[in-house]
Structure formats: structure tokens, C-alpha cells
Amino acid sequence: MRPLPSPGRNPYWRFLVAGFRGQSAYPLATLAGLVANATFGLLKGGIMGAAVESSGGELAGYSAATMAAFVWLGQGMLGSVNFWGGSDLQTRIKSGDVAVDFLRPVGVQAANVLTDIGKGLFALLPRGLPSVVIGVLVSSMALPPDAAAYALGLTSLLIGITVSHATVYVVATAGFWLVETRGVSVLYMAVSGFFAGLFTPIYLFPDWLLTLALLTPFPSMMQFPIDVLSGQVTGPGAWQRLGVQLVWLAVVLVVGHLTTRAGRRRLEVQGG
């Protein structure tokens, strides 16, 4: 019987580690990101806290504590969840270097998504956790009620990070058909952040807009992990959100696989 390969020999594991290590090469950028997170967290916390207070202490099911959790957990996720639409794949498609990627004995989609996930996971340590600690120190933010809720919340967080990078990969594959993809990236940035709960909880939306948001993968990137991590939803509600996240993860991975196959055929037709 052949021995199972160790994680260190698995090429896909190495892509994940490479993304993690690569992001650690920019400590000043990480520090600047933390400062920005803290600054805008204070501003956003003040605005959203005032909104809750003016509503009599509760706004769309949010108390002052759960709204503070929404603000600071969201700030902590900013470096890990990709709302900006940027991907190395876009550059490689435009330059033609992606043709070399297709010749390698690894999946192009898996390699790119795992590398980006590694970058996002690194950002949780020097940027995400300190942002949450700042939130705990400056506010009375709500926290998960028990260890099981923490475990469920962290699982939801990891799925959310993965969904975001898998979706950005799909956006990047538009480069197989478009000469310039910056417009697509800007559109993605505007729509994804709005529907993910980057600015306000999506539960503050009018019913028709909330329904529209829930028909997209974007709440699975930020709003749902915050719901679970903050204890805003527990029990069956938390498991339901994880289930929706997993469904969207499967959908974007399948779409990414199909666009990669179609893009490769188009690249070969062009002589790439």
C-alpha cells in the first residue's frame, strides 16, 4: 500500500502556504491596513451606535452590543474577504502567461483560489484579530455565548473567506473574453460590498432589497459569518446560514470550473 502524501508534499497545500507567506512580506502595508481598520471602525461604530440609540435601543433586531459586534467583526474581516475584485489571474490572462499555467500538472482554479485564501488567512492574524481586540476595548460588543458558538463562527468565517476568493476568481475569468476587465472589477467591488453587509447590516434594507441580496453569494462572505460569530443567530439559524454558505461555495466553484474550461478553449483557438 502506498503511503499517504504528507501535507508538505501536496502541491495545493503549498499554494495555500505560499499565499500565507507571500502576504507576510508586506508588514508596513499590514500595519497601514490595521490603522485604517481601527480608524474607520471608530467612525462607523459611532454612526451605527447613534442609529441604534435614536431607534430606542434596538434597530432591526440589533442592540448596541450586537451592532458593535457587527462593526468590529466586519472591520476585522476586511483584510481577508476580497471585495475589491483584484486577482493575479487577471494580469496573467492579459499577458498570456496563463497559457503556461494550463501546462502545469495542477488545476489553475485551485492554485489561484488557494493562494488567495492563504493571503486572506494571514491577514486575520496581524490585522483581523487586533481589530476585534480594539472593538472589545472601546465598546461593549457582543461575543459568542459558548465554545461551540466560537467553533461554528470560525467555520462560517473560513467558508466566507473561501466564497469571496472563489467568486473573485470567476470575475477574473472574464478576462478570457474581455480585453479590459477593470470595469468588471469596479462593478464587483460596488455590488459585493453593498450586498455583503460591508456598510450596514443587510437586515436594514427594505424587504425587496433584502430579498435581492439573499439571492446572491455576497451575504455568505461577511454578513452570515458576523451573524454567527456575534451570537446574533444561534442554534438552527446558525446552521442554516452555514448551509447557505456551503451551497454558494459549491455554486461559485462549479461556475469557476466551467468558465476556466471555456476560457482555455478560447485561448487555444486564439493560438495561446
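Residues numbered from 1 in each chain as written. Predicted model: local features only at pLDDT ≥ 70, side-chain atom pairs only at ≥ 80, totals over all residues. Heavy atoms only, no water.

A. Layout of the side chain of D227. Considering the arrangement of structural elements, one finds D227 in helix 10 (residues 223-229). In contact with D227, not counting residues within four places along its chain, are Y62, Y203, Q232, V233 and R241. (Helix = DSSP H or I, 4+ residues; strand = E, 2+ residues; numbered from the N terminus. Contact = heavy atoms within 4.5 Å.)

B. Structural view of the nonpolar core. L73, F83, M141, F205, M221 and M222 are the most contacted members of the largest nonpolar core, which totals 44 residues. Where this core is concerned, the elements lending two or more residues are helix 2 (27-54), helix 3 (64-77), helix 6 (108-138), helix 7 (147-172), helix 8 (182-196), helix 9 (207-214), helix 10 and helix 11 (236-269). The element contributing the most residues to this core is helix 3, with eight residues. In contact with M221, other than residues within four places in its own chain, are M77, V81, F83, G160, V163, S164, T167 and Y188. Listed in part, the 15 residues of the second largest apolar core include L16, F102, V108 and V113. (Core = buried A, V, L, I, M, F, W, Y, C linked by side-chain atoms within 4.5 Å. Buried < 20%, exposed > 50% of the residue type's maximum accessible area, 1.4 Å probe, protein only.)

C. Layout of the pattern of salt bridges. The tally for this structure, following the rule as stated, stands at seven salt bridges. Residue D101 is joined to R104 by a salt bridge in which the shortest nitrogen-to-oxygen separation is 2.9 Å. For D101, a relative accessible area of 7% puts it in the buried group. The partner of D116 in a salt bridge is K119, and the shortest N-O contact between them spans 3.9 Å. Placement of both D116 and K119 in helix 6 is noted, with a separation of three residues, approximately one turn of the helix. Using a relative accessible area of 11% as the deciding quantity, one classes D116 as buried. Take K119: its relative accessible area is 24%, and that puts it in the partly exposed class. Through salt bridges with shared partners, one network takes in D88, D116 and K119. (Salt bridge = Lys/Arg side-chain N within 4 Å of Asp/Glu carboxyl O.)

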